[in-house]
Amino acid sequence: MKFVLATQNPKKKEELAAILGDLGVEIVTEEELGVKVEVEETGNTFGENAALKAKAVMEATGLPAIGDDSGLCVDAMKGAPGVYSARYGGEELSDEERCALVLEMMHGQTDRAAHFETYIVCAFPNGDWFAAKGECHGAIAFAPMGKNGFGYDPIFFRTEEQKTFGQMTAEEKAAISHRGNALRSFKTKLEKYLREHPEA
């Protein structure tokens with residue numbers, strides 16, 4: 001069975017294909033199908049944005065589509081940057097500048113609790129859909145540490161590992177990350193769906 005991934009990011013395809021490989025499904029990107037769907041992320045939650053992406057790409061391609069949305073939620077910032085994580089402070093900012101902005105907003109804060117959240121939604125042409133969620137809890141560091149990963153990874157500190165995401169290897173991060181948790185949950189749900197819908 002073929003699924004189209006609602007993304008322009010080839011790394012996301014590799015990640016998903018590696019996790020779903022043994023289910024016998026094929027993952028293709030919008031680009032490989034010759035389509036490019038611009039989706040306005042107008043949702044108030046990660047789940048709403050993931051669903052908007054999946055539904056739009058499913059309608060454009062006629063294939064089951066997988067959409068996802070992720071972000072960083074900081075308690076002392078009332079959940080910000082949240083759904084605006086990728087464009088917090090303005091589209092033109094770099095990852096480093098966005099991290100610096102969060103650290104500036106957190107100056108003097110003692111409550112540094114934060115979590116990353118991912119939602120993955122799968123939409124089928126017959127109207128069926130399901131969602132999977134993953135979270136990873138940690139704290140905002142006092143300064144960036146580590147060069148690995150992307151986005152807010154250098155300032156997201158995990159007490160258990162005594163490292164930021166930016167200091168972890170890809171394997172260490174995948175074992176505990178919000179995306180890793182969401183992808184594992186998604187695989188379980190997709191496996192169940194395919195078992196219950198052999199005609200799919």
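See the structure above.
Residues numbered from 1 in each chain as written. Predicted model: local features only at pLDDT ≥ 70, side-chain atom pairs only at ≥ 80, totals over all residues. Heavy atoms only, no water.

**Considerations on the side chain of Asp153**
Secondary-structure assignment places Asp153 in the loop between β5 (129–140) and β6 (156–158). What makes Asp153 buried here is its relative accessible area of 3%. Apart from the residues lying within four places of it in its own chain, the contact partners of Asp153 are Phe116, Asn148, Thr164, Phe165, Gly166 and Lys173. (Helix = DSSP H or I, 4+ residues; strand = E, 2+ residues; numbered from the N terminus. Buried < 20%, exposed > 50% of the residue type's maximum accessible area, 1.4 Å probe, protein only. Contact = heavy atoms within 4.5 Å.)

**Describing the packing of helix α1 (residues 10–20) against helix α5 (residues 178–196)**
Where α1 contacts α5, the axes come no closer than 10 Å and their chain directions differ by 50°. If you check the angle between α1 and α5, you find them oblique. As for the relative orientation of α1 and α5, their crossing is right-handed in sense. Only Arg179, Leu183, Phe186, Lys187 and Leu190 of α5 make contact with α1, whose side of the interface consists of Lys12, Glu15, Leu16, Ile19 and Leu20. Tallied by class, residues from the contact of α1 with α5 come to six nonpolar, no polar and four charged. (Axes fitted to C-alpha atoms, helices over the stretch in contact; angles between N-to-C directions. Parallel < 35°, antiparallel > 145°, perpendicular 65-115°, else oblique. Left-handed = near helix turned anticlockwise from the far one by under 90°. Nonpolar A, V, L, I, M, F, W, Y, C, P; charged D, E, K, R; others polar.)

**Re the pairing of strand β3 (residues 65–74)**
In terms of burial, β3 is largely enclosed, as nine of its ten residues are buried. As judged from the two bridges shared by strand β1 (residues 2–5) and β3, these two strands associate in the parallel manner. Paired with Val4 across the bridge in β3 is Ala65. The pairing of β3 with strand β4 (residues 113–123) spans ten bridges and is antiparallel. Looking at β4, one finds that Cys73 is bridged to His115. (Pairing = 2+ DSSP bridges.)

**Considerations on the pattern of salt bridges**
Tallying each qualifying case throughout the model produces 15 salt bridges. Between Asp68 and Arg179 there is a salt bridge; the shortest N-O distance is 2.9 Å. Placement of Asp68 in strand β3 and of Arg179 in helix α5 is noted, with a sequence separation of 111 residues between them. You can call Arg179 buried: its relative accessible area is 13%. Each of the salt bridges in this network shares a partner with another, and the network as a whole consists of Lys12, Glu15, Asp68 and Arg179. (Salt bridge = Lys/Arg side-chain N within 4 Å of Asp/Glu carboxyl O.)

**Let's talk about the sheet that holds β6**
One open sheet holds the seven strands; their spatial order is β2-β1-β3-β4-β5-β6-β7, and the pairing between them is mixed. Of all strands in the sheet, those with a lone pairing partner are β2 (26–29) and β7 (163–164), marking the two edges. Packing against the sheet, helix α2 (residues 46–61) makes contact with β1, β3 and β4, and its axis sits at approximately 160° to β3.

**Description of unusual backbone geometry**
Here Ala80 and Pro81 are connected by a cis peptide whose omega angle stands at -5°. Position of Pro81 among the secondary structure elements: in the loop between β3 and α3 (95–105). The residue Lys78 is not glycine, and still its phi comes out positive at about 55°. Within the secondary structure, Lys78 sits in the loop between β3 and α3. Lys78 gets classed as exposed once you look at its relative accessible area, which sits at 83%. In this structure, Gln162 takes a positive phi of about 55° despite not being glycine. Mapped onto the elements, Gln162 comes out in the loop between β6 and β7.

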